Amino acid sequence: MRFGQYRTHDAEEPWSGVRTDDGVVDLATAGEAAGVDVPRRTVDLLADWEWRRKAELAVEYAVETGVGVRDPADLTRAAPVTDPQKVVCVGLNYRDHAEEGDHDVPDEPVLFSKFPTAVTGPGSTVSWDPEFTEQVDYEAELVAVVGEEARRVDSEDALDHVAGFTVGNDVSARDIQHGDGQWVRGKSLDTFAPIGPDLVTTDEVGDPHDLDIWAEVNGRRLQESSTAELIFGIDELVSVCSRAFTLKPGDLIFTGTPPGVGVYREPPVLLEEGDSVTVGVEGLGELTNDCAFD
Ligand code: ZN
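Residues numbered from 1 in each chain as written. Predicted model: local features only at pLDDT ≥ 70, side-chain atom pairs only at ≥ 80, totals over all residues. Heavy atoms only, no water.

(A) Looking closely at the coordination of the zinc ion. Protein coordination at the zinc ion comes from Glu139 (OE), Glu141 (OE) and Asp170 (OD), with a distance range of 2.0 to 2.1 Å. All donors of the zinc ion come from a single chain, and their spacing in sequence reads E-x1-E-x28-D. Using a relative accessible area of 8% as the deciding quantity, one classes Glu139 as buried. (Donors = N, O, S within 2.8 Å, 3.2 Å for Na, K, Ca; no water. Buried < 20%, exposed > 50% of the residue type's maximum accessible area, 1.4 Å probe, protein only.)

Printed below as a string of structure tokens:
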């Protein structure tokens, strides 16, 4: 199943929806009519141990009756998960990227984080003050979305705690990231964590370690690799995180980026007002955001 989040107008809190041939099913509305309590936001839905079954029932009911089916033309997309408790990121996790930079392959994943307020959705604007940062960069990433809470899980059981996957752009202010000596500020500007378009459940993704991944700026392809190049797989990352801290439903894990980011290119490609950035992962879709100064 592919869960998106949508708004009917600007001020509305985003709600969880599933696209069908008839339109977008508003899960909470269809669920209520079907006698099933479905939380409005995906982050709350994932905390319900019956979330898959409840979503299926709501969709079945909506398709049969038309209740809760919305015309996509009336809707704006939001991030598939909003207000996660954590956004965990992994540095240097592609073999080809490590080789390109002549780095040793790390023995343990290097974790850092973006603050959840950075999360934004497909089609929204990534914006920054050009006097605050002059080196804004893109990073195409496969993002794992946590389902069932995970604490001290082994890697064999780790994928049971992943609800699904989405595409993310780990937008980075390189001058701040490198100037600060640690990364959280340069990685956490508002709008610097676009994700989407959908949360695609694990059963629809197949092998998450064999997916093409790419990034394009203004239509020019600048990153192209495969998640087969991941040094630490999703199972290992979930397990390693869960040994240190509890992963909660809706938490996001940005799993690292392949070679080709802008700052290390010759000449560098840094994002400017008016640029359009598209990141994509095979089977998950593409996420496009325009850039603007604010
Ligand atoms: Zn990254």
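(B) Representation of the sheet that holds strand E9 (residues 125–128) within the structure. A sheet is described by the order of its strands in space; here five strands give the open sequence E9-E19-E18-E15-E16, paired in mixed fashion. Looking at which strands have only one partner, the edges of the open sheet turn out to be E9 and strand E16 (220–226). Going from strand to strand, the sheet's axes swing by 20° on average, the running direction of each strand aside. Direction of pairing for strand E15 (residues 212–217) relative to E16: antiparallel, over a ladder of six bridges. In the sheet register, Asp212 faces E16, and the bridge partner there is Ser226. (Pairing = 2+ DSSP bridges. Helix = DSSP H or I, 4+ residues; strand = E, 2+ residues; numbered from the N terminus. Axes fitted to C-alpha atoms, helices over the stretch in contact; angles between N-to-C directions.)

(C) Structural detail: the domain arrangement of the protein chain. Its domain assignment divides the protein chain into domain 1 (2–78) and domain 2 (87–293). Domain 1 puts twelve residues into the contact, and the matching count from domain 2 is 18 residues. Both sides of the domain 1 and domain 2 interface together cover about 1100 Å² of buried area, and 54% of this is carbon and sulfur. Connecting domain 1 to domain 2 are two salt bridges. The residue Arg77 makes a salt bridge to Asp198 at a minimum N-O spacing of 3.2 Å. Our count for the domain 1 to domain 2 interface comes out at four residue pairs in polar contact (both at pLDDT 80 or more). A total of four residues in the side of domain 1 that touches domain 2 trace back to one element, the largest contributor, which is strand E1 (residues 2–7). Here the residues of the side of domain 1 that touches domain 2 are counted per class, giving seven nonpolar, two polar and three charged. (Domains from an automatic or database assignment. Contact = heavy atoms within 4.5 Å. Buried area = accessible area lost by both parts, 1.4 Å probe. Salt bridge = Lys/Arg side-chain N within 4 Å of Asp/Glu carboxyl O. Polar contact = N/O pair within 3.5 Å; in protein donor to acceptor, adjacent residues only side chain to side chain. Nonpolar A, V, L, I, M, F, W, Y, C, P; charged D, E, K, R; others polar.)

(D) A look at the packing of aromatic side chains. Inspection of every chain in the model, using the stated rule, returns five aromatic pairs. Residues Phe3 and Trp51 carry aromatic rings whose centres are separated by 5.8 Å and whose planes lie at 65° to one another, so their mutual orientation is edge-to-face. Of this pair, Phe3 sits in strand E1 while Trp51 sits in helix H3 (residues 51–65), and the two are 48 residues apart along the sequence. Taking the relative accessible area as the measure of exposure, Phe3 reaches 1% and is therefore buried. (Phe/Tyr/Trp six-rings, centres within 6.5 Å; stacked < 30°, edge-to-face > 60°.)

(E) Just the pattern of salt bridges, in detail. Applying the stated criterion across every chain yields a total of 17 salt bridges. Here Arg41 makes a salt bridge to Asp44, at a shortest N to O gap of 3.0 Å. The salt bridge partner of Glu149 is Lys248, with a shortest N-O separation of 2.9 Å. With Glu149 in the loop between strand E11 (140–146) and helix H5 (155–158) and Lys248 in the loop between helix H9 (234–244) and strand E17 (252–254), the pair connects residues that are 99 residues apart, well separated along the chain. One salt-bridge network, in which partners are shared between bridges, spans Lys114, Asp137, Glu139, Asp170, Arg174 and Lys187.

(F) Up close: the pairing of strand E2 (residues 15–20). Most of E2 sits inside the fold, with five of its six residues counted as buried. Taken together, the four bridges between E1 and E2 define a ladder with antiparallel strand orientation. The partner of Tyr6 across the bridge, within E2, is Trp15. Count of turn residues in the E2/strand E3 (residues 23–26) antiparallel hairpin: two residues.

(G) Quick peek at the side chain of Ser242. Tracing the sequence through the fold places Ser242 in helix H9. Side-chain polar atoms of Ser242 contact the backbone oxygen of Ser239, separated by 3.0 Å. Not counting the four nearest positions on each side in its chain, Ser242 is found in contact with Ala150, Arg151, Arg152, Val153 and Leu247.

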